[in-house]
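Reading the structure
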Amino acid sequence: MEERTFSDISYGRFLNEEKLMGSKCKKCGAFFVPPRPICIECYSSEMDWVEIKGEGKLAAFTCIAVGPPFMIKQGYDRQHPYCSGVVELEEGVRVVARIEGVNTTKPETIKVGMPLTVEFLHRGEGENLKTFLAFKPA
Ligand SMILES: [Zn+2]
């Protein structure tokens, strides 16, 4: 694998390639998703890329009816809320992601603790391709 800096840009490029990657501190083993260039536990700058399997469970969520303009453009509104969640990965790290494949108009059907699997949402093309991290029921 080519060397990539531990930045949001690298993280986004990996998402475009359908890889969820984090950085792991070589000194103390702390794990960061999205990756950090410097460990917040021991301040080491020696990091390794680690690929995340993409299995986890829902730790918390919120259904958002009035989103930012780029979400409204994607067709989400009061009638079509989207779900933003915190997913606890098998690796023990929590990551914020979109939750797909759930009934956002009936939030009571969405259960904390439900098993989830990663999904990559590609939006735009070419230079403008951006991939959003999402999870769906496993
Ligand atoms: Zn560390």
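My aim in this report is to walk through the structure given alongside it, one point at a time. (Residues numbered from 1 in each chain as written. Predicted model: local features only at pLDDT ≥ 70, side-chain atom pairs only at ≥ 80, totals over all residues. Heavy atoms only, no water.)

**Details of the overall build of the protein chain**
Regarding its fold elements, the protein chain presents two helices and eight strands. When the helices and strands of the protein chain are placed in sequence order, the string is α-β-β-β-β-α-β-β-β-β. With the C-alpha coordinates aligned to their principal axes, the bounding extent of the protein chain is approximately 50 × 35 × 25 Å. When contacts within the protein chain are restricted to residue pairs at least 6 apart in sequence, those whose partners lie at least 24 apart make up 48%. Summing over all exposed atoms, the protein chain offers an accessible surface of approximately 8100 Å²; the carbon and sulfur share of this is 51%. Where the 18 positive side-chain charges of the protein chain centre and where its 19 negative ones centre are 4 Å apart. (Helix = DSSP H or I, 4+ residues; strand = E, 2+ residues; numbered from the N terminus. Contact = heavy atoms within 4.5 Å. Areas by Shrake-Rupley, 256 points an atom, 1.4 Å probe, with all protein chains shown as cover. Lys, Arg positive; Asp, Glu negative; His and termini not counted. Charge placed at Lys NZ, Arg CZ, Asp CG, Glu CD.)

**A closer look at the coordination of the zinc ion**
For the zinc ion, the full set of protein donor atoms is Cys25 (SG), Cys28 (SG), Cys39 (SG) and Cys42 (SG), at a range of 2.3 Å. If you list the donors of the zinc ion from N- to C-terminus, the spacing comes out as C-x2-C-x10-C-x2-C. One end of the pair, cysteine 28, is in the loop between β1 (21-25) and β2 (31-32); the other, cysteine 39, is in the loop between β2 and β3 (47-51), with 11 residues separating them in the sequence. Taking relative accessible area as the criterion, cysteine 28 reaches 41% and is therefore assigned partly exposed. Look at cysteine 39 and you get buried, because its relative accessible area is 1%. (Donors = N, O, S within 2.8 Å, 3.2 Å for Na, K, Ca; no water. Buried < 20%, exposed > 50% of the residue type's maximum accessible area, 1.4 Å probe, protein only.)

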